[in-house]
Amino acid sequence: MKGLLKLTAVFAVAAASWMAQAAERLTVLDTDNNPVPFAKILLGYEAGNPFPGNLLSTNENGEAAIPADWKAALPVTVRAAGYITVTIPVLMPGEHQIRIERQESQGQYEVQGTTTNFGRLPTDGRVDFGLVVPALSRRNMLSFDLSSVLSPHNDTLDIIGNRVEVPSNITLPDQTENYIFPIRLNKPDYRVYVREPGAYRMYVTHGQFPLQRVVNEIRGGKSIFEVINHFTFIEAGEVAVQVDGNLSGVNLPVNQIRFTDTVSVKAPAFNSTQTMISLSLAERHGLMVPTDLKRLVPNQSLNLRTNTTMGDMSVLSLLVDLPKKNSTLGDQVLLDLINPLVQMQKPLNQEPPLEDSEPWNAGYDFNKLTFAMHPANGTVTPRFLPNIDRPIVNGNVITLSVPALIPGLVEAGAYMVLSEIEELGSGKVKNERRTRLWEVWSEAWVQQIELPRISFERRPDRKYRWEVLFLARPENAIHSTTQGPDLNTITHVTRNALEI
């Protein structure tokens, strides 16, 4: 009898163990598929709502057993120290894997070096420059941060006795050009900043612009976008780096890849209150690098320079509203370079120096835009999703304006992100850095989302912004079914934002 009881107990323990192993679980992983232990999972809108025991915690394997009371679709929110909070607004009961991404570091690592191999630069009326940026992933492009393209840190040049601030990731090789008098430019060194340790590919583009023509048009009140077509992009270079701390001596030759090919772009008909900007992009090592940039007016055709041996080629086109106010717009960097020249010219024609109170993007709202990425097969004629209104935030409810789909596309989800905005930069060249706090991924385009009642610490010296993006892909695209949209298939995005 004792043996029978003992055997029964063994079977009971084994059965309980098997049932525990068979219980449905939620698994929290990072973007490298590693388990995230001790993450908090909220099923519903707040602790105890809609049922007791709806706040879970993952074990050392990143797993949490699903409570029996979860019987209907609910919002599911995952929070963990050092990670971006993630909410899925509608999730049915069952086993799921939820991936969360590490939050951007508040620190930064400096990568510095020299751009080389410009060759002998004659005095030909054209200013040669280098632009150094880290290559961007598709994920980076979705949560685009301007500080990754235009450095918030400045270097100082002396031009004709004037101190000129230039973003630290722009280089000017040793050259002399004439504008009334000879002007020597010499800033071969760059500094670029990244927020996380890891593997990067630093990319430099060698470009030129006609000094006198650009100076005259900027002086005449044109914006940087109205003169950008005078910029010619010639060649590029790259180097792979492992960033584990500040790096120096990372020299970048600009003559590794010559832009010998072109991609044709034709602008569609669009409202005259908007402007279109197109970039040719090459996908190398899973990252996107730009090769040219041009502005187009409705129905205009232009060629973008590239090199088709670099990798898969695409054209990214943006449609943005023109400024409504009538004011002199100018690129602050160009204004700083130009003003010493105007001052030298003053005794000849008594023209005053330019006003320099407005930044390079004065009057443009880059929170509201629509963009499309097309493969560079033949002539690219972009099609755009309609612009959307700013989201309306009322407590925990966000109301959205859903765009109309265009033929050939299907919904690929909606993405909302709450970010903390920090103003960076010194002097006249300002920038901002975003830190994502909360991401919301919806599989469907929805008009309204009720968010769980969670809060974040708000700093008085920072701004906070809700950004909304509606994502679309071609209806014949083969996509993965993991949490969140498959970013490799996303081709169209329309977005807007609201500061709160």
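These figures come from a predicted structure and were not determined experimentally.

Reading across from one edge, β14-β8-β17 is the order of the three strands in this open sheet, with mixed pairing throughout. Of all strands in the sheet, those with a lone pairing partner are β14 (189-194) and β17 (252-253), marking the two edges. In terms of strand pairing, strand β8 (residues 109-116) meets β14 through six bridges, oriented antiparallel. Paired with Tyr109 across the two strands is Val194, which belongs to β14.

Our focus in this paragraph is the environment of Pro152. For Pro152, the position within the fold is in the loop between α2 (138-142) and β10 (154-159). Among the residues examined, Pro152 registers a relative accessible area of 7% and is labelled buried. Residues Pro152 and Leu424, 272 residues apart in the sequence, show an inter-C-alpha distance of 5.7 Å.

Attention now moves to the pattern of salt bridges. Scanning the model with the defined rule gives 24 salt bridges in all. Between Asp461 and Arg462 there is a salt bridge; the shortest N-O distance is 3.9 Å. A residue is classified by how much of its surface remains accessible, and Asp461, at 53% relative accessible area, is exposed. Through salt bridges with shared partners, one network takes in Glu420, Glu422, Arg433, Arg459, Asp461 and Arg462.

Attention now moves to the nonpolar core. Ranked by internal contacts, the top residues of the largest apolar core, which has 40 residues, are Ile41, Leu43, Trp70, Ile100 and Leu471. Leu157, Val214, Leu287 and Val320 belong to the second-largest nonpolar core, a separate cluster that totals 34 residues.

In a beta sheet, neighbouring strands pair by backbone hydrogen bonds and run either parallel or antiparallel. With mixed pairing, the three strands of this open sheet are ordered in space as β4-β1-β7. Both edges of this open sheet fall to β4 (63-65) and β7 (96-99), since each of them pairs with a single strand only. Neighbour to neighbour, the strand axes of the sheet diverge by 20° on average, direction disregarded. Pairing of strand β1 (residues 25-29) with β4 involves three bridges; the strand directions are antiparallel. The residue of β4 that forms the bridge with Arg25 is Ala65.

So, about the pairing of strand β6 (residues 85-91). Of all seven residues making up β6, six are buried, and the element is well covered by its neighbours. Across four bridges, strand β5 (residues 74-79) lies against β6 in antiparallel orientation. Opposite Val78, over in β6, you have Val86 as the bridge partner. Counting the residues between successive antiparallel strands, the hairpin from β5 to β6 contains five residues, one of them, Gly82, with a positive phi of roughly 85°.

For the rest of this paragraph, the subject is unusual backbone geometry. For the bond running from Asn49 to Pro50, omega is 20°, close enough to zero to count as cis. The topology assignment puts Pro50 in the loop between β2 (40-43) and β3 (55-57). One non-glycine residue, Asn117, lies in positive phi territory at about 65°. Asn117 sits in the partly exposed class, given a relative accessible area of 42%. At His285, a residue that is not glycine, the phi angle is positive and equals roughly 55°. Of note, His285 is situated in the loop between β20 (274-284) and β21 (287-296).

Criteria and cut-off values
- Residues numbered from 1 in each chain as written.
- Predicted model: local features only at pLDDT ≥ 70, side-chain atom pairs only at ≥ 80, totals over all residues.
- Heavy atoms only, no water.
- Pairing = 2+ DSSP bridges.
- Helix = DSSP H or I, 4+ residues; strand = E, 2+ residues; numbered from the N terminus.
- Buried < 20%, exposed > 50% of the residue type's maximum accessible area, 1.4 Å probe, protein only.
- Salt bridge = Lys/Arg side-chain N within 4 Å of Asp/Glu carboxyl O.
- Core = buried A, V, L, I, M, F, W, Y, C linked by side-chain atoms within 4.5 Å.
- Axes fitted to C-alpha atoms, helices over the stretch in contact; angles between N-to-C directions.

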